[in-house]
Amino acid sequence: MQYNIDIKGEFADIFKKIRAILLSYPQIKEIKNAKQTSYHDEYGVVVMMRTKGNEFVVAFGRGVKLQEKYQMLQGSGKFVRHLYFRSVDEVDEIFFREMIEESFILGLEAFELKELKKRLKNYTKKI
């Protein structure tokens, strides 16, 4: 399990610091699986973490939308964007919290938009 590797591995200090930040939010739930440790709120994945080669990777599940505001996020996939760390000193807690909280807002907005679309669809069926 990746959690067991990261909690004791080369980047354990980074993993523990970011994990503590994430778990300080009551709405965050931790999920441990074979390839990564992920952190979810009620609207979906917020962050996924793992060691990869000589870096520690933090992937934001709503990263593509976060990238508009936080251009240091890297990646080109449909949804996820990454930050890469080699030292715990690179983890800026205030900045990281800002990105997490922005992720919460994006998740809620996506949920509300989906609900609104459902209501509109049901409303137009009645007309």
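Check the entry above for the structure.
Conventions we followed
- Residues numbered from 1 in each chain as written.
- Predicted model: local features only at pLDDT ≥ 70, side-chain atom pairs only at ≥ 80, totals over all residues.
- Heavy atoms only, no water.
- Helix = DSSP H or I, 4+ residues; strand = E, 2+ residues; numbered from the N terminus.
- Polar contact = N/O pair within 3.5 Å; in protein donor to acceptor, adjacent residues only side chain to side chain.
- Contact = heavy atoms within 4.5 Å.
- Pairing = 2+ DSSP bridges.

A. Spatial organisation of the side chain of Asp41. Within the element layout of this structure, Asp41 appears in strand β2 (residues 37–41). In terms of polar contacts, Asp41 uses its side chain to reach the side chain of Arg62, at 3.3 Å.

B. Just the side chain of Gln2, in detail. Examined against the element boundaries, Gln2 turns out to sit in helix α1 (residues 2–8). Leaving out residues up to four positions away in the same chain, Gln2 has contacts with Asn33, Ala34, Lys35, Gln36, Thr37, Arg50 and Thr51.

C. Spotlight on the pairing of strand β3 (residues 44–52). As judged from the 5 bridges shared by β2 and β3, these two strands associate in the antiparallel manner. Of the residues in β3, the one forming a bridge with Tyr39 is Val47. Counted along the chain from β2 to the antiparallel partner β3, the turn is 2 residues long. The sheet contact formed by β3 and strand β4 (residues 55–60) spans 6 bridges and is antiparallel. Paired with Val47 across the two strands is Phe60, which belongs to β4. Counted along the chain from β3 to the antiparallel partner β4, the turn is 2 residues long, and its residue Gly53 has a positive phi close to 65°.

Purely geometric stuff here, so don't read any function into it on its own.
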